[in-house]
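# Examination of the molecular architecture
The chain contents come next:
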Amino acid sequence: MNQLKRAILFCNGELNNKDFHIALLKKDDFIIAVDGGGNHCQNLGIKPNLALGDFDSLALNTLNFYRENQVETLTYPCDKDYIDLALGIEEAIKRNYEEIIILGALGGKRRDMELGNILLLSKYKKDITIINENTSIKMMYPQKKLVINNEKNKYFSLIPLSKKVVTGESHGLKYQLLDLEFTFGETRSISNEILANKCQVILKSGEALGICQKK
């Protein structure tokens, strides 16, 4: 089976476990340094394929290194309508990457940016995952099965983003989700537990975030 073309986006949030993040990478991944995410790339010894943003949070010596070593750069003005991560996702989609993994999008000092990064997933009906060593986050849409592999004994939380979410049949959870309704702002679907190495969840209607979290 052919593997999906992957784009890996490094952002400027927390990136604490070096070994975890390096182990995620594959040889043919297309690496995008999203503004200050380039600092993480530099610390990990990774030369990105593309660096983009307004570069207000990227170390000057790193930006100079990219320019001196033929790393493609896309520079945007500081006064713009979209956060740098949105520009990075758009660029990955424009270049026809079927799978997008976002690193360094969680934590840090800016809770507004962290929340914005997460909610940005709702804009795209694409295979996009925000991940770190403790958490993975994906968007869920009607009739598109969410398959969760090798996350046994973690929490699974479903966060409704539409007025009402109705679940289809699920497998591998402590509390199965067949034909349950959840409303926006409701917390009844938080902290379910994954009991199997392969878990699947599907929605009949509505949109939600599916979050796997270490206990």
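A brief look at the structure comes next. Given the structure is predicted, the values throughout are model-derived calculations rather than measurements.

### Notes on the packing of aromatic side chains
Applying the stated criterion to the full structure yields two aromatic pairs. Residues phenylalanine 30 and tyrosine 97 carry aromatic rings whose centres are separated by 5.1 Å and whose planes lie at 25 degrees to one another, so their mutual orientation is stacked. Linking phenylalanine 30 in strand S2 (residues 30-34) with tyrosine 97 in the loop between helix H4 (84-94) and strand S5 (99-103), this pair joins segments that are 67 residues apart in sequence. You'll find phenylalanine 30 and tyrosine 97 in the same group, each marked buried.

### A short note on helix H2 (residues 37-44)
Along H2, six of the eight residues are buried, which leaves the element largely enclosed by surrounding structure. Residues of H2 that are buried make contact with strand S1 (6-10), helix H1 (18-24), S2 and helix H3 (60-68). Directly beyond the C-terminal end of H2, a positive phi value near 75 degrees is found at glycine 45.

### A word on the nonpolar core
Counting residues in hydrophobic clusters, the biggest one holds 29 residues, and the most contacted among them are Leu9, Ile32, Ile89, Ile102, Leu121, Ile130 and Ile137. Listing elements by their share of this core, those giving two or more residues are S1, S2, strand S3 (50-53), H4, S5, strand S6 (127-131), strand S7 (135-140) and strand S15 (208-213). For this core, the element with the highest residue contribution is H4, accounting for five residues. Apart from residues lying up to four places away in sequence, isoleucine 137 is in contact with Leu106, Ile118, Leu121, Ile128, Thr129, Ile130, Leu209, Gly210 and Ile211.

### Here's the deal with the pattern of salt bridges
Summed over all chains, the structure comprises 17 salt bridges. For lysine 80, the salt bridge goes to aspartate 84, with nearest N and O atoms at 3.3 Å. Note on lysine 80: relative accessible area 26%, which makes it partly exposed. The exposure class assigned to aspartate 84 is buried, which follows from its relative accessible area of 13%. Of the charged contacts, one joins lysine 154 and glutamate 151 as a salt bridge, the two residues approaching to 2.4 Å between their closest N and O atoms. Overall, lysine 154 belongs to the buried group, its relative accessible area being 17%. Taking relative accessible area as the criterion, glutamate 151 reaches 16% and is therefore assigned buried.

### Regarding the pairing of strand S4 (residues 72-75)
The pairing of S3 with S4 spans four bridges and is classified as parallel. Residue pairing for S4: leucine 50 is matched across the bridge by glutamate 72. The parallel pair S3 and S4, bridged by H3, forms a crossover whose chirality is right-handed.

### Some words on the sheet that holds strand S14 (residues 203-205)
Within the open sheet, the three strands sit side by side as S11-S10-S14. Their pairing is antiparallel. Only two strands of the sheet have a single neighbouring strand rather than two, namely strand S11 (181-183) and S14. Within this sheet the neighbouring strands show an average axis-to-axis angle of 35 degrees, counted without direction. Sheet topology places strand S10 (residues 164-167) next to S14; two bridges connect them, and they run antiparallel. Residue pairing in the sheet places valine 166 in a bridge with serine 205 of S14.

Rules and cut-offs
Residues numbered from 1 in each chain as written. Predicted model: local features only at pLDDT ≥ 70, side-chain atom pairs only at ≥ 80, totals over all residues. Heavy atoms only, no water. Phe/Tyr/Trp six-rings, centres within 6.5 Å; stacked < 30°, edge-to-face > 60°. Helix = DSSP H or I, 4+ residues; strand = E, 2+ residues; numbered from the N terminus. Buried < 20%, exposed > 50% of the residue type's maximum accessible area, 1.4 Å probe, protein only. Contact = heavy atoms within 4.5 Å. Core = buried A, V, L, I, M, F, W, Y, C linked by side-chain atoms within 4.5 Å. Salt bridge = Lys/Arg side-chain N within 4 Å of Asp/Glu carboxyl O. Pairing = 2+ DSSP bridges. Right-handed = clockwise from strand over helix to strand, strands pointing away. Axes fitted to C-alpha atoms, helices over the stretch in contact; angles between N-to-C directions.

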